[in-house]
Amino acid sequence: MRIGVYPGTFDPLTLGHADIIRRGAKLVDRLIIGVTTNPSKNPMFTPEERMAMVRREVATLGVDNVEVVGFHALLMKFAEQQGASVILRGLRAVADFEYEYQMAGMNQQLNSRIETVFLMADVSLQPIASKLVKEIALFGGDITRFVSPAVRVDVMERIASMGQG
Ligand code: ADP
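This report concerns the structure included in the present document. (Residues numbered from 1 in each chain as written. Predicted model: local features only at pLDDT ≥ 70, side-chain atom pairs only at ≥ 80, totals over all residues. Heavy atoms only, no water.)

Some points on the sheet that holds strand β5 (residues 115-120)
- Within the open sheet, the five strands sit side by side as β3-β2-β1-β4-β5. Their pairing is parallel. Of all strands in the sheet, those bounded by a partner on one side alone are β3 (66-71) and β5. The average angle at which neighbouring strand axes cross in this sheet is 30 degrees, direction not considered.
- On top of the sheet, helix α1 (residues 15-24) reaches β1 (3-8), β2 (30-36), β3, β4 (86-91) and β5; it is set at about 120 degrees to β5, its chief contact. (Pairing = 2+ DSSP bridges. Helix = DSSP H or I, 4+ residues; strand = E, 2+ residues; numbered from the N terminus. Axes fitted to C-alpha atoms, helices over the stretch in contact; angles between N-to-C directions. Contact = heavy atoms within 4.5 Å.)

A short note on the site of the ligand
- Taken together, the neighbourhood of the ligand is formed by 17 residues, with Y6, T9, F10, K41 and G90 sitting nearest.
- A distance of 3.2 Å separates a nitrogen atom of the ligand from a polar atom in the side chain of R92.
- The contact in question runs from a nitrogen atom of the ligand to an N or O atom on the backbone of L125, over 3.0 Å.
- Isolated, the ligand exposes 550 Å² of accessible area, and the fraction of that covered by the protein chains is 90%.
- The residue inventory of the shell around the ligand, partitioned by class, reads seven nonpolar, five polar and five charged. (Near = heavy atom within 4 Å. Polar contact = N/O pair within 3.5 Å; in protein donor to acceptor, adjacent residues only side chain to side chain. Areas by Shrake-Rupley, 256 points an atom, 1.4 Å probe, with all protein chains shown as cover. Nonpolar A, V, L, I, M, F, W, Y, C, P; charged D, E, K, R; others polar.)

Topic: empty space enclosed by the protein
- In this structure the tally under the stated criterion is one cavity of 30 Å³ or more.
- Empty space within the largest cavity amounts to approximately 30 Å³.
- Around the largest cavity, the lining residues are L75, I87, R89, E100, M103, A104, N107, T116 and F118.
- Secondary structure elements with two or more residues in the lining of the largest cavity: β4, α4 (94-110) and β5.
- For the lining of the largest cavity, the leading source of residues is α4, giving four residues.
- Of the residues in the lining of the largest cavity, the class split is five nonpolar, two polar and two charged. (1 Å grid on protein atoms, 1.4 Å probe; cavity = no way out; pocket = protein on both sides within 12 Å on 5 of 7 lines; lining within 4 Å. Points joined across faces, edges and corners; volume = space filled by probe spheres on them.)

Printed below as a string of structure tokens:
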């Protein structure tokens, strides 16, 4: 059985992520979405909130071989624990390339049995990044084209509650 891990912060999950999940699920028998709990990124949503969000969104994608697991270990350790032979990443622009190339190279040195596989971002979804979605929403812009309706509500509610806090 071929198991793949798609790791990310998913803060929040965008239509770009959803597209990679849908396409990636076809390439492996089981796809595990690894939601990092890495606090250094100062996320808008807690790990638990992000996991619940990803689970809810996955349920709308028409895939039945995808599960969501949180992790705070080294990615390669997590992938080994899950019995994965593939790490899946999405690739948007040249800016992604350098970082991803370096990370894939280092991960290969850590465990050469696990291959990193890249899916090119869908052309129409290329510009979408969680960071920009948050910035646009914070400044009152419309994020409808970048995230699902439910994620949009999550983001807008979080921003509203931040304003009150
Ligand atoms: P990380 O903190 O690991 O970069 P992200 O949640 O930002 O986590 O992204 C997870 C993965 O999804 C990365 O491989 C990233 O390149 C990919 N990704 C992000 N946005 C898109 C998009 N619009 N289209 C395709 N892949 C994307």
